[in-house]
Amino acid sequence: MLDLSKTDIERIKCAKHIVFFSGAGMSAESGIATFRGKDGIWNKFKPEELANFNAFMKNPNMVWEWYQYRRNIVRHAFPNAGHLAIAEFQNYVPKVTAITQNIDNLHKRAGSHNIFELHGNIERNYCIRCKTFYNDIEEKVEIPQCKCGGLIRPDVVWFGEYLPEDQFQGAEIATSECDLFFVVGTSAVVYPAASLIYTAKYNGAFIIEINIEKTEISSLTNKSLLGEVGKILPEILKKIKE
Ligand code: BJW
Ligand code: ZN
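First, a word on what this report is: a plain description of the structure on this page.

Rules behind the numbers
Residues numbered from 1 in each chain as written. Chains lettered and ligands numbered in written order. Predicted model: local features only at pLDDT ≥ 70, side-chain atom pairs only at ≥ 80, totals over all residues. Heavy atoms only, no water. Donors = N, O, S within 2.8 Å, 3.2 Å for Na, K, Ca; no water. Tetrahedral: all angles 85-135°; square planar, octahedral: opposite > 155°, others 65-115°. Helix = DSSP H or I, 4+ residues; strand = E, 2+ residues; numbered from the N terminus. Buried < 20%, exposed > 50% of the residue type's maximum accessible area, 1.4 Å probe, protein only. Contact = heavy atoms within 4.5 Å. Pairing = 2+ DSSP bridges. Core = buried A, V, L, I, M, F, W, Y, C linked by side-chain atoms within 4.5 Å. Near = heavy atom within 4 Å. Polar contact = N/O pair within 3.5 Å; in protein donor to acceptor, adjacent residues only side chain to side chain. Areas by Shrake-Rupley, 256 points an atom, 1.4 Å probe, with all protein chains shown as cover. Nonpolar A, V, L, I, M, F, W, Y, C, P; charged D, E, K, R; others polar. Phe/Tyr/Trp six-rings, centres within 6.5 Å; stacked < 30°, edge-to-face > 60°. Lys NZ or Arg CZ within 6 Å of the ring centre and 35° of its normal.

Some details on the coordination of the zinc ion (ligand 2)
So, step 1. Protein coordination at the zinc ion (ligand 2): the donors are C127 (SG), C130 (SG), C146 (SG) and C148 (SG), at 2.2 to 2.3 Å from the metal.
So, step 2. Relative to the metal, the 4 donor atoms surrounding the zinc ion (ligand 2) lie at angles of 102 to 117 degrees, and the coordination shape comes out tetrahedral.
So, step 3. Of note, the donors binding the zinc ion (ligand 2) are all from one chain and are spaced C-x2-C-x15-C-x1-C. With C127 in strand β4 (residues 120-127) and C146 in the loop between β5 (133-134) and β6 (152-156), the pair connects residues that are 19 residues apart, well separated along the chain. There is no split in this pair, since C127 and C146 are both buried.

Details of the environment of G25
So, step 1. Within the secondary structure layout, G25 lies in the loop between β1 (17-22) and α2 (47-50).
So, step 2. If near-sequence neighbours (up to four positions away) are discounted, G25 is found in contact with T34, G185 and V229.

Side note on the sheet that holds β5
So, step 1. If you trace the 3 strands from one edge of the open sheet to the other, you get β5-β4-β6, paired in antiparallel fashion. Strand pairing shows two members of the sheet lacking a second neighbour, β5 and β6, which therefore form its edges.
So, step 2. One ladder, built from 2 bridges, connects β4 with β5; its direction is antiparallel. The partner of N125 across the bridge, within β5, is Y134.

A look at unusual backbone geometry
So, step 1. In this chain, Y191 is followed by P192 through a cis amide linkage whose omega measures 5 degrees.
So, step 2. Structurally, P192 is set in the loop between β7 (180-184) and α8 (195-202).
So, step 3. The backbone of K131 sits at a positive phi, close to 65 degrees, despite the residue not being glycine.
So, step 4. By secondary structure assignment, the location of K131 is in the loop between β4 and β5.
So, step 5. For K131, a relative accessible area of 49% translates into the label partly exposed.
So, step 6. Unlike most non-glycine residues, A188 shows phi in positive territory, near 55 degrees.
So, step 7. With respect to the helices and strands, the residue A188 is situated in the loop between β7 and α8.

Describing the nonpolar core
So, step 1. Ranked by internal contacts, the top residues of the largest apolar core, which has 26 residues, are I12, I18, F20, F89, F182, L233 and I236.
So, step 2. Within the residue set of this core, elements represented by two or more residues are α1 (6-14), β1, α5 (81-89), β7, β8 (206-211) and α9 (229-241).
So, step 3. Examining the composition of this core, we find that 6 residues originate from one element, α9, more than from any other.
So, step 4. In contact with I12, not counting residues within four places along its chain, are L4, I18, F89, L180, F182, I208, I236 and I240.
So, step 5. If you look at the next biggest cluster of nonpolar residues, it comprises 24 residues, including F56, V63, I122 and L151.

Brief notes about the site of ligand 1
So, step 1. Taken together, 37 residues lie near ligand 1, and R36, Y67, R70, T186 and S187 sit nearest.
So, step 2. Between ligand 1 and the protein, one listed contact pairs an oxygen atom with a side-chain N or O atom of R70 at 2.6 Å.
So, step 3. Protein contact buries 76% of the 1500 Å² of open area that ligand 1 shows by itself.
So, step 4. In terms of residue count, the dominant contributor to the shell around ligand 1 is helix α4 (residues 60-75) (3 residues).
So, step 5. Tallied by class, residues from the shell around ligand 1 come to 20 nonpolar, 11 polar and 6 charged.

Regarding the packing of aromatic side chains
In this description, a pair of aromatic rings is defined by centroid distance and the angle of the planes.
So, step 1. Under the counting rule described, the total for this entry stands at 12 aromatic pairs.
So, step 2. With a centroid separation of 6.0 Å and 25 degrees between ring planes, the pair formed by F21 and F181 is classed as stacked. In this pair, F21 sits in strand β1 while F181 sits in strand β7, placing the two residues 160 residues apart along the sequence. Like F21, the residue F181 is buried in the burial classification.
So, step 3. Taking the centre distance of 5.0 Å and the plane angle of 75 degrees together, the rings of W66 and Y67 count as edge-to-face. By the burial criterion, W66 is buried, and Y67 matches it.
So, step 4. Taken together, F45, F53, F56, W66, Y67 and W158 form an aromatic cluster joined through their ring pairs.
So, step 5. For the cation-ring pair, R153 lies above W158, with the distance from its terminal atom to the ring centre recorded as 3.9 Å.

Any link to function would need more than the numbers given here.
Have a look at this one:
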């Protein structure tokens, strides 16, 4: 049962600009593991051993192999009912923005148009020496090298690295302009991405969280809906269409 009042539904119906800020839980129902929590990949792999530049330089083949493994999962995954609902919101709301911490391309594949990718995209790679981009890389386990001899890395943001400036700036603008801000499937512990929730709050947006459990920012939100995003978002959309 959807825990939204008539006033809440009206508020969503009348919204002029909705931002969906998503994290790994958004894609959990597409079969892509989250990072933290019960089934999180970081129960098995330590982030400091894999998701930073020093780890990559120390053991490039191991880090590359880990990303190849995840790339393969992403390639075979499909947008779930939550991604599709966000894309469908575009038909009912004047402006919809998807800001994602995910690197899996699933918002785009679901049909969302206005997307900011804060932590990069696993489909892209670049040479750490000359910055040439490589989109299609042969599926081999050993780390590939650029024409210039530099190592090729995935175009994702590791700990200690800056977020892509255009993506973060665009996300900040959308967040400060929107009137409704959904926080979907994120533990909201990684910064500066999580700071957007405070930006939304500061600028007066109504904040609705969707998560299977309470998070660090639940107390900050106007509404915290407990459940799976692939169930809750289509239910909200159904109410909007009524
Ligand atoms: C469901 C569900 C379902 C499940 N339905 N829900 C301020 C304070 C403290 C630390 C810092 C700070 N500012 C910066 C830092 C340092 C650091 C940081 O934040 N550390 C904290 C972890 C302590 N940040 C950085 O280093 C960032 N860069 C930076 O700050 O640059 C400036 C700088 C430069 C130089 C020197 C110093 C500073 C970069 C952060 C990059 C994060 N990268 C990763 C890896 C990306 C590549 C890859 O995939 O391999 O991004 S880490 C990982 O965490 C990934 C995610 O995008 C990110 C967030 O995780 P997310 O999405 O929230 O996933 P989970 O697993 O945590 O949560 C899933 C949620 O879904 C859970 O709540 C579930 O309950 C829920 N769920 N199923 C609904 N079906
Ligand atoms: Zn190069």
